[in-house]
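# Results of the structural survey
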Amino acid sequence: SSGINAEYGGWPKNGYPGPQGPYYCGVGADKVKGRKIVEAHYRACIYAEIKIAGSNAEVMPSQWEYQIGPCEGIEMGDHLWVSRWILCRIAEEFNVVISFDPKPIPGDWNGAGCHTNISTLKMRTAGGYKHIEAAIAAMSKKHTEHIESYDPSGGADNRRRLTGLHETASIDQFSSGVAHRGASIRIPRQVAADGYGYFEDRRPSSNADPYSVTNRIIRTICLNE
């Protein structure tokens, strides 16, 4: 089972907005831009029976995220790809172009990821934490292969984003931790407390091919390839 948090963005026409801080999950016209697009997209996805599970304003102004899932297997890619098409089509009505670039604005601004939440049935049942740890250990040995599968350019796009700053881990080093947004793999605090659940791979880029992402994950943690 998997779920994907898809981030995307836009940018004001004239100059730069104020520094990051007040935009994440923000409210108010001075902090949030593009909510009409977000709400229209959410409703269109529901109408199309896309498995959309939520949305929120992100850290960078005009940056948004929506969540697709839970999904099983290849349907993860199906639902995300169609949701992206719907998003671009909705934005067209507002004369807005969506960017899926993982680092659309250089400098002291957050990039955009496609954080992927992962679990198997064994992970979601009592005592599943050991299976989460085993999966993370397997992924640690295939870091390069995962990076190559996590953006359309074999890692070149993500290198601009995965710097070790702005809530990312370095692209050159694998790491994991509980409630650690600066790690390659984040284990939610509640999962660590419960002893079962899921974990989050924070490495995939916002422009990632979800079929490639889920294929690489399954090959590593289920097929031992």
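Preceding this paragraph is the structure being described.
To start, this report covers the structure provided alongside it. (Residues numbered from 1 in each chain as written. Predicted model: local features only at pLDDT ≥ 70, side-chain atom pairs only at ≥ 80, totals over all residues. Heavy atoms only, no water.)

### Comments concerning the overall build of the protein
Put simply, the rule is: To qualify as a helix, a DSSP run of H or I must reach at least 4 residues; to qualify as a strand, a run of E must reach at least 2; elements of each kind are numbered from the N terminus. The reference for a compact globule is 2.2 Å times residues^0.38; the radius of gyration itself is calculated from the C-alpha atoms. Exposure categories follow from relative accessible area, calculated using a 1.4 Å probe and restricted to protein chains: below 20% of the type maximum is buried, above 50% is exposed, and the middle band is partly exposed. Working rule for contacts: check all heavy atoms of both residues, and any pair within 4.5 Å makes them a contact. Shrake-Rupley sampling with a 1.4 Å probe provides the accessible areas, and residues are treated as covered by the protein chains on show and by no other component. Within this scheme the basic residues Lys and Arg register as positive and the acidic residues Asp and Glu register as negative, but His and the chain ends are omitted. Charged groups are reduced to one reference atom each: NZ for lysine, CZ for arginine, CG for aspartic acid, CD for glutamic acid.
When you go through the protein residue by residue, the secondary structure sums to 8 helices and 7 strands. Relative to a compact globule of 225 residues, whose C-alpha radius of gyration would be 17 Å, the protein shows 17 Å and is just as compact. In terms of principal-axis extent, the alpha carbons of the protein reach across some 50 × 40 × 35 Å. For the protein, buried positions account for 48% of its 225 residues. Within the protein, counting contacts between residues at least 6 apart in sequence, those at least 24 apart form 67% of the total. Counting every atom, the protein has about 11,100 Å² of accessible surface; 53% of that belongs to carbon and sulfur. Across the protein, the mean location of the 25 positive side-chain charges is 3 Å away from that of the 25 negative side-chain charges.

### Overview of the nonpolar core
Formally: The set of buried Ala, Val, Leu, Ile, Met, Phe, Trp, Tyr and Cys residues whose side-chain atoms join them within 4.5 Å is what this entry labels a nonpolar core.
Within the largest apolar cluster, 22 residues are counted, with the highest numbers of intra-cluster contacts made by Tyr8, Trp64, Tyr66, Ile68, Leu80, Leu87 and Ile98. Mapped onto this core, the elements with two or more residues apiece are β1 (2–9), α1 (35–47), β2 (52–57), β3 (63–71) and α2 (75–93). Broken down by element, this core gets its largest block of residues, 6 residues, from α2. Excluding residues that lie within four positions of it along the chain, Ile98 makes contacts with Tyr8, Gly9, Leu87, Cys88 and Ala91.

### Comments concerning the pattern of salt bridges
To be explicit about the condition: Salt bridges are identified by distance alone: a Lys or Arg side-chain nitrogen within 4 Å of an Asp or Glu carboxyl oxygen.
Using the criterion set out here, one finds 12 salt bridges in the structure. Arg159 is the partner of Asp172 in a salt bridge, and the nearest nitrogen-oxygen pair spans 3.1 Å. Here Asp172 is found in the loop between α6 (156–159) and β5 (176–178), whereas its partner Arg159 is found in helix α6, with 13 residues between them in sequence. Owing to a relative accessible area of 56%, Asp172 belongs among the exposed residues under this scheme. Take Arg159: its relative accessible area is 47%, and that puts it in the partly exposed class. The residue Arg202 makes a salt bridge to Glu200 at a minimum N-O spacing of 3.1 Å. For the pair formed by Arg202 and Glu200, the shared burial category is buried. One connected set of salt bridges, linked through shared partners, spans Arg89, Glu92 and Glu93.

By themselves, these figures tell us nothing about what the structure is for.
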